[in-house]
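# Breakdown of the fold
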Amino acid sequence: SWLHLAVPSRCDAHLRRGSGSQNAAVRTAMQYLGIEYQIKNLPALDRAFIPFGVWASAYEKGAERPFKIAVERENGLVTVYETKLRSPEFAEANYRYAERCVKMLLWSVGGWRVYLCGDDAIAKRMQDAYRAGGTREFDVGFMQDVYERPFEIVLTDEAGFPQAHEQTRKVGGHTNGCRIGFDAGGSDRKVSAVIDGETVYSEEVVWHPKTSEDPQYQYDGIVAAFKTAASKMPRVDGIGVSSAGVFIGNAPMVSSIFIRVPRSRREEVKTVYDRAAKEIGDVPIVVANDGDVSALAGSMSLGEGAVMGLAMGTSEAVGYVNAESNLLGWFSELAFAPVDLNENAMRDEWSGDIGVGCKYFSQDAVSKLAPAAGIALSETLTPAEKLKEVQKLAEQGLPYALEIFKSIGVYLGHTMCLYERFYDIRNLIVLGRVASGVGGDLIVAECQRVLKEEYPDLAQKIRVMLPDENFRRVGQSMAAASLPEV
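Residues numbered from 1 in each chain as written. Predicted model: local features only at pLDDT ≥ 70, side-chain atom pairs only at ≥ 80, totals over all residues. Heavy atoms only, no water.

## Describing the pairing of strand β1 (residues 65–72)
- Counting buried positions over the eight residues of β1 gives six, a clear majority of the element.
- Turn length for the β1-strand β2 (residues 78–85) hairpin, with the two strands adjacent in sequence and antiparallel, is five residues, and the turn residue N75 shows positive phi of about 60°.
- Looking at chain direction, β1 and strand β3 (residues 113–117) are connected through five bridges and run antiparallel. Looking at the pairing, E72 lines up with R113 of β3. (Buried < 20%, exposed > 50% of the residue type's maximum accessible area, 1.4 Å probe, protein only. Helix = DSSP H or I, 4+ residues; strand = E, 2+ residues; numbered from the N terminus. Pairing = 2+ DSSP bridges.)

## What to know about the side chain of E446
- Checked against the element boundaries, E446 lands in helix α14 (residues 437–454).
- Since its relative accessible area comes to 15%, E446 is described here as buried.

## A short note on the pattern of salt bridges
- Tallied over the entire structure, the rule returns 36 salt bridges.
- We note a salt bridge from R113 to E72, for which the minimum N-O separation is 3.3 Å. Placement of R113 in strand β3 and of E72 in strand β1 is noted, with a sequence separation of 41 residues between them. Taken as a pair, R113 and E72 share a single burial class, namely buried.
- R463 is the salt-bridge partner of E304, the closest N and O atoms lying 3.0 Å from each other. Highlighted residues: E304 in the loop between α10 (290–302) and β12 (307–312) and R463 in strand β15 (residues 463–465), separated in sequence by 159 residues. (Salt bridge = Lys/Arg side-chain N within 4 Å of Asp/Glu carboxyl O.)

## Comments concerning the sheet that holds β12
- Overall, mixed pairing links the four strands, which are arranged β13-β12-β14-β15 in an open sheet. Two strands bound the open sheet, and with one partner strand each, they are β13 (316–321) and β15. Neighbour-to-neighbour, the strand axes of this sheet turn through a mean angle of 15°, independent of strand direction.
- As judged from the five bridges shared by β12 and strand β14 (residues 427–431), these two strands associate in the parallel manner. Bridge pairing in β14 places M308 opposite L428.
- Here helix α13 (residues 399–419) sits on the sheet in contact with β12, β13 and β14, set at roughly 145° to β12.
- Lying on the sheet, α14 is in contact with β12, β14 and β15; it crosses β15 at an angle near 165°. (Axes fitted to C-alpha atoms, helices over the stretch in contact; angles between N-to-C directions. Contact = heavy atoms within 4.5 Å.)

## Description of the layout of surface pockets
- In this model, the second largest pocket occupies a volume close to 390 Å³.
- If you go around the second largest pocket, you meet 22 residues; those closest to its centre are E74, R169, F247, G249 and G329.
- Taken together, the elements giving at least two residues each to the lining of the second largest pocket come down to β9 (246–248) and β11 (285–289).
- Per-class residue counts for the lining of the second largest pocket are eleven nonpolar, six polar and five charged. (1 Å grid on protein atoms, 1.4 Å probe; cavity = no way out; pocket = protein on both sides within 12 Å on 5 of 7 lines; lining within 4 Å. Points joined across faces, edges and corners; volume = space filled by probe spheres on them. Nonpolar A, V, L, I, M, F, W, Y, C, P; charged D, E, K, R; others polar.)

## Remarks on the side chain of D119
- Checked against the element boundaries, D119 lands in the loop between β3 and α5 (120–129).
- With residues up to four places along the chain from it excluded, the contact list for D119 reads R65, F67 and L85.

## Some remarks on the nonpolar core
- Within the largest apolar cluster, 104 residues are counted, with the highest numbers of intra-cluster contacts made by I69, F361, I404, I408, L412 and Y419.
- With twelve residues, the single largest contributor to this core is α13.
- Leaving out residues up to four positions away in the same chain, F361 has contacts with L310, A311, M312, G313, S315, E316, V339, I408, Y411, L412, T415 and Y419.
- Ranked by size, the runner-up nonpolar core spans 30 residues in total, among them I180, I239, F258 and V283. (Core = buried A, V, L, I, M, F, W, Y, C linked by side-chain atoms within 4.5 Å.)

## Re the confidence of the model for the chain
- Per-chain confidence: the chain averages 91 in pLDDT, with 91% of residues scoring 70 or above.
- Segment residues 1–22: pLDDT under 50, and 44 contacts once partners within four positions in sequence are set aside and those in other chains are kept. (pLDDT = per-residue confidence, 0-100.)

## A short note on the packing of aromatic side chains
- Enumeration over the complete set of coordinates arrives at 23 aromatic pairs.
- Where W107 meets F138, the ring centres are 6.0 Å apart and the plane angle is 20°; that geometry is what we call stacked. You can see W107 sitting in helix α4 (residues 91–109) and its partner F138 sitting in helix α6 (residues 137–147), a full 31 residues away along the chain.
- Judged by its relative accessible area of 18%, F138 falls in the buried class.
- Through successive ring pairs, a cluster of aromatic residues spans W107, F138, F142, Y147, F331, F336 and W350. (Phe/Tyr/Trp six-rings, centres within 6.5 Å; stacked < 30°, edge-to-face > 60°.)

## Here's the deal with the environment of G160
- Inspection of the secondary structure assignment puts G160 in the loop between β4 (152–155) and β5 (178–184).
- It is 38 Å that separates the C-alpha atoms of G160 and Y455, two residues lying 295 residues apart in sequence.

## Digging into the sheet that holds β11
- With respect to topology, five strands assemble into an open sheet ordered β7-β6-β5-β8-β11, the strand pairing being mixed. Single-partner strands in this sheet number two, and they are β7 (198–206) and β11. Strand-to-strand twist in this sheet, taken as the mean axis angle between neighbours without regard to direction, amounts to 15°.
- Bridge count for strand β6 (residues 188–195) against β7 is eight bridges, and the pairing is antiparallel. The residue bridging I195 from the neighbouring strand is E198, located in β7.
- The strands touched by α10 are β8 (238–243) and β11; relative to β11, the strand with the most contacts, the crossing angle is about 100°.

What follows is the structure, encoded as structure tokens:
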């Protein structure tokens, strides 16, 4: 396992001769690192789980060589992450640690250029991985699609290393005036008419944007929703949109609701929301990722910031607002960020990587854990149908079904140790179909227990909760309506 890479090569044979127990492997590897540490809680249905955050913390205790990573995105914005590497005899562990940190930064922050300073050998290996035809080809292609620039890994020294340049975005929380809130989902679209913070009209309409190759279909649906909401108010002062995808400004650069639209019509997609707003009049419009809008809705309902919303549905969707309830302008596409360092972890079919978040915090996690729980699910069922079958068993109180949601809760507790390295989290709201019913209660309870037993400082800092009535009252489309400043 990757634990082997955390020790000098001379110890590998000893590890291979060691116990097959995962806890024993953890202890053995930690001892060679000079660290006495044992994970108290492993998922009952996935004893081979190696939390990236725990592994990184152990690795860093023996690290002394400075190593810096900078990720550049649009408009010269730069995020800097400073850490340390171990001595050269830990070459494989050093590379694994550095590469996973780069991967984590790319999918939390987003960017088209990565600067590495402190170890040229690692940087050159990274260049070979992050290129067309390399092991991280998916990541490269995705970032190039978003930023419309070639992706590159840059070797640099201290003199050439860039300074951090962040820019938060103050949006949301505005309730004055007559507003339209629109939530563009993959199977239905929701729109609300909101006057001075009170919803006067809402509707939900089934549509099929994921099957349309002509972006006129999506455009017509968006305009129809805007006009319906506008007809319920004396005027329109602003429009806010919550939509799945990655956005630069109001432009969808990658979005599942335009997944079938050919690249030759990309410009129509990038301007779709701005053009739709013009049909209503000369009013401000703000478009934000649906995960960020969920976090904003949580912030509005709690009356405070530093909120992460984590939705477990078709995939893992994450949003975040900082202590001032501002958006960071980051990706937060943590479905593709590393969670588990077990080399036999399930592979994500889309990205091609193993151990990434979408296999731990989504419908796929339920399907993955079902066989270990002794639940046979027909392969003819969709992931959503498999989730429903397991949820039925859980609602009946069957222990083996309940264990699936407990294991997801343990995953989440250990993963908060990782996410908290990159986000200042004081409130975690767990959302999505996987978290509905008794399963959601178990996920939250197990997460809280793991934090309390293994990360007491985090347990004191982070509130983990399901949506309360205030959150439900705010809702996604109403929170979207609050995005533009009027």
